[in-house]
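Remarks on the overall topology
For reference, the chains in residue letters:
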Amino acid sequence: GAVVSQHPSWVICKSGTSVKIECRSLDFQATTMFWYRQFPKQSLMLMATSNEGSKATYEQGVEKDKFLINHASLTLSTLTVTSAHPEDSSFYICSAPRQGPTDTQYFGPGTRLTVL
Amino acid sequence: AQSVSQHNHHVILSEAASLELGCNYSYGGTVNLFWYVQYPGQHLQLLLKYFSGDPLVKGIKGFEAEFIKSKFSFNLRKPSVQWSDTAEYFCAVKGSNNDMRFGAGTRLTVKP
């Protein structure tokens, strides 16, 4: 079946540094990928839509200069948290829809970011 | 815009009890609805989905959900829960941009 991977699975960084998270679709091409954030004991909130070959679209309240998204290829999207602060600590999850009759969306395992 | 709401934040059941988790959606047009489960420390897994057709949808692990258009509901059910069903359950609706809009989640604790 389709698999979406994320790397790294967890990362700890110092305040002020930048962190890059990768999301890959392993056996299908995804022109669109989605980035979600999940705070402890809360639901997933859509942050942005990553579009291959064009700019990402961000949800209201999400700073595009802080959360840089690059959809470099049909199988890879990256999320870079720039100048990270402790309040950015969260669980970041990506997903990729597999276009077709079933229109199933596959989620990555998530990346836990802890900013000290 | 499409959205879903889950009213049960935490449900505690004993093994073999029946389960029903509520989910209501807001959009009156065509909706694609999903239930996901997140076991402790694991990623989201799709339990079942509804696009059209039979409103009673059967998913994995003995779960089912019924789409009731008149009630804007898509409740998740299981006749007899097991300890291994302890997890967080999320109802979701597909947005117009093909993204997923999640409910707040319901934490299910099954006591052995």
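Described in the following lines is the structure provided in the data block.

Looking now at the overall build of chain B. Per the secondary structure count, chain B includes zero helices and 12 strands. Across chain B, helices and strands are ordered from the amino to the carboxyl terminus as β-β-β-β-β-β-β-β-β-β-β-β. Expressed as lengths along the three principal axes of its C-alpha atoms, the size of chain B is roughly 40 × 25 × 20 Å. Across the 112 residues that make up chain B, the buried fraction comes to 47%. Of the contacts made within chain B by residues no fewer than 6 positions apart, 54% connect residues no fewer than 24 positions apart. In chain B, 11 positive and 8 negative side-chain charges are present, and the distance between their average locations comes to 3 Å.

So, on to a nonpolar patch on the surface. Together, W10, I12 and L116 of chain A make up a nonpolar patch on the protein surface, roughly 390 Å² of accessible area in all. Among the secondary structure elements, L116 of chain A is positioned in the segment after β11 (111–115).

Now for the pattern of salt bridges. Residues and elements named next belong to chain B. Counting across every chain of the model gives eight salt bridges over all chains. Put simply, E66 and R77 hold a salt bridge, and the shortest N to O gap is 3.2 Å. Taken as a pair, E66 in strand β8 (residues 64–68) and R77 in strand β9 (residues 73–78) lie far apart in primary sequence, 11 residues in all. If you follow the salt bridges from partner to partner, you end up with K58, E64, E66 and R77 in one network.

Rules used in this analysis
- Residues numbered from 1 in each chain as written.
- Chains lettered and ligands numbered in written order.
- Predicted model: local features only at pLDDT ≥ 70, side-chain atom pairs only at ≥ 80, totals over all residues.
- Heavy atoms only, no water.
- Helix = DSSP H or I, 4+ residues; strand = E, 2+ residues; numbered from the N terminus.
- Buried < 20%, exposed > 50% of the residue type's maximum accessible area, 1.4 Å probe, protein only.
- Contact = heavy atoms within 4.5 Å.
- Lys, Arg positive; Asp, Glu negative; His and termini not counted.
- Charge placed at Lys NZ, Arg CZ, Asp CG, Glu CD.
- Patch = residues over 30% accessible without salt bridge, like charges linked within 9 Å, V, L, I, M, F, W, Y side chains within 5 Å.
- Areas by Shrake-Rupley, 256 points an atom, 1.4 Å probe, with all protein chains shown as cover.
- Salt bridge = Lys/Arg side-chain N within 4 Å of Asp/Glu carboxyl O.

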